[in-house]
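Understanding the architecture of this molecule
So you can see what is in the structure, the chains are spelled out below.
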Amino acid sequence: MNDNGGFSSDNDTSCSSCPQEENTRDSPSFSDIRSAHLPDIPMEDVFSLWARANYSKKMPHLLRDEHSWQLYNELHLNDFDALFSKTAEFLGLSIIIRTSLFDQEIKSFEHSFPGGSIIVVGAGLSTVHTRLANLDAHWYYVDLPPINTIRQQYCTGCSQSIDILDYTDIDWINHVPIMPGQDVLVVFPSSLQCADPIKVAILMESLADKWPSVHIVFDALTTKALGYTEIMNTMKSLTGKDYTSSGYTVDDIEEEVQMWSDEDLQFNVLRSYGIFDAVSIKSDWEKHTQKTVMRALILRAYNMHHVYHAATDIF
């Protein structure tokens with residue numbers, strides 16, 4: 001999830017604050033920095049890692065993620081400081097809060113189903129395997145090939161990676177080596193936000209067909225959130241995606257899961273809550289952050305959903 005500050009878009013090469021190269025050329029562009037360190041990695045994934053590293057240090061009471069800071073240094077993400085630091089504080093805050101909530105949902109699942117399998121679809125440059133290293137879980141990462149390649153370089157023992165070209169593709173389901181009867185949690189950390197709703201429904205039905213006891217956790221904006229023009233414009237400049245015209249939104253999760261259900265498949269809602277519901281607004285936050293969090297709370301504009309297929313036990 002991303003927010004605003006008016007920084008350059010992917011095709012804007014006028015970054016005067018980027019680091020110099022010993023006076024041999026002009027300041028490198030946004031694309032220069034991107035290709036030098038993380039070729040072919042989507043910018044929303046680069047920014048998410050950058051935000052977790054920086055804002056978890058500023059707000060450790062919300063998220064502790066030492067591995068993100070280690071990767072920040074190893075991958076030279078300080079080269080992005082001048083660009084990303086122009087974004088509003090709200091964006092970095094929202095990333096570490098939702099990361100913490102995904103962690104809580106995963107821990108809750110594993111507490112009830114120890115030894116279960118966790119499939120993270122669109123994990124990006126995730127460090128969840130180190131934050132939750134003490135869990136008795138089998139981890140699987142489903143993501144774009146370049147991201148899986150980077151992950152394999154820094155994620156030792158993080159289990160299997162499965163390559164996909166589209167997060168709503170259902171072919172990957174047949175390539176995850178999970179034994180029949182295994183408890184399964186599928187996590188979509190913002191990877192559905194630009195998905196086609198019809199493809200999402202097909203994907204959910206396919207998950208339930210494959211793993212009758214499946215649990216699914218995902219975050220989603222509401223249509224009201226798309227009215228935040230300032231935020232939506234920044235998300236577009238960061239990702240190149242227009243969420244206002246192609247975003248997957250959920251206004252009523254009960255109605256949403258009924259659209260996935262039929263006579264043979266019955267989805268239910270275990271939990272649904274606002275991303276900022278448990279957050280206390282701080283006086284030392286930027287005014288823009290305070291205002292945006294308050295607006296999101298009032299309108300419930302950004303929510304976390306935990307659903308399950310009816311074949312599973314409720315915990």
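Below or above, wherever it landed, is the structure these notes cover. (Residues numbered from 1 in each chain as written. Predicted model: local features only at pLDDT ≥ 70, side-chain atom pairs only at ≥ 80, totals over all residues. Heavy atoms only, no water.)

What follows is about empty space enclosed by the protein. Taken as a whole and judged by the stated rule, the model has two cavities of 30 Å³ or more. When its volume is computed, the second largest cavity comes out at roughly 30 Å³. Along the walls of the second largest cavity sit Gly-274, Ile-275, Phe-276, Asp-277, Ala-296, Leu-297, Arg-300 and Tyr-302, which together make up its complete lining. A breakdown of the residues in the lining of the second largest cavity according to their chemical character gives five nonpolar, one polar and two charged. (1 Å grid on protein atoms, 1.4 Å probe; cavity = no way out; pocket = protein on both sides within 12 Å on 5 of 7 lines; lining within 4 Å. Points joined across faces, edges and corners; volume = space filled by probe spheres on them. Nonpolar A, V, L, I, M, F, W, Y, C, P; charged D, E, K, R; others polar.)

What follows deals with the layout of surface pockets. Its boundaries defined by the atoms lining it, the second largest pocket holds a volume of some 190 Å³. Looking at the second largest pocket, it is lined by 15 residues, and the ones nearest its centre are Leu-62, Ile-97, Leu-101, Ala-278 and Val-279. At the level of secondary structure, the elements contributing two or more residues to the lining of the second largest pocket comprise helix 5 (89-112) and strand 6 (267-274). The element that contributes the greatest number of residues to the lining of the second largest pocket is helix 5, accounting for four residues. Looking at the lining of the second largest pocket, its residues break down into eight nonpolar, five polar and two charged. (Helix = DSSP H or I, 4+ residues; strand = E, 2+ residues; numbered from the N terminus.)

Before going further, it helps to examine the packing of helix 2 (residues 43-58) against helix 3 (residues 66-74). Between helix 2 and helix 3, the shortest axis-to-axis distance is 8 Å and the interhelical angle comes to 125 degrees. Here helix 3 runs oblique to helix 2, going by the angle between their axes. The handedness of the crossing between helix 2 and helix 3 is left-handed. Judged by residue contacts, Leu-49, Trp-50, Arg-52, Ala-53, Asn-54 and Lys-57 of helix 2 engage Ser-68, Trp-69, Leu-71 and Tyr-72 from helix 3. When the residues that make up the contact of helix 2 with helix 3 are grouped by side-chain class, the tally is six nonpolar, two polar and two charged. (Axes fitted to C-alpha atoms, helices over the stretch in contact; angles between N-to-C directions. Parallel < 35°, antiparallel > 145°, perpendicular 65-115°, else oblique. Left-handed = near helix turned anticlockwise from the far one by under 90°. Contact = heavy atoms within 4.5 Å.)

Now for the pattern of salt bridges. Applying the stated criterion to the full structure yields six salt bridges. A salt bridge links Asp-103 to Arg-131, with the shortest nitrogen-to-oxygen separation between them at 2.6 Å. One end of the pair, Asp-103, is in helix 5; the other, Arg-131, is in helix 6 (residues 128-131), with 28 residues separating them in the sequence. In this structure, Asp-103 and Arg-131 share a single accessibility class: buried. Ionic pairing is found between Glu-105 and Arg-271, a salt bridge with its closest N-O pair at 2.7 Å. Placement of the pair is Glu-105 in helix 5 and Arg-271 in strand 6, with a sequence separation of 166 residues. Owing to a relative accessible area of 4%, Glu-105 belongs among the buried residues under this scheme. Linked by salt bridges that have partners in common, Arg-52, Asp-65, Asp-103 and Arg-131 make up one network. (Salt bridge = Lys/Arg side-chain N within 4 Å of Asp/Glu carboxyl O. Buried < 20%, exposed > 50% of the residue type's maximum accessible area, 1.4 Å probe, protein only.)

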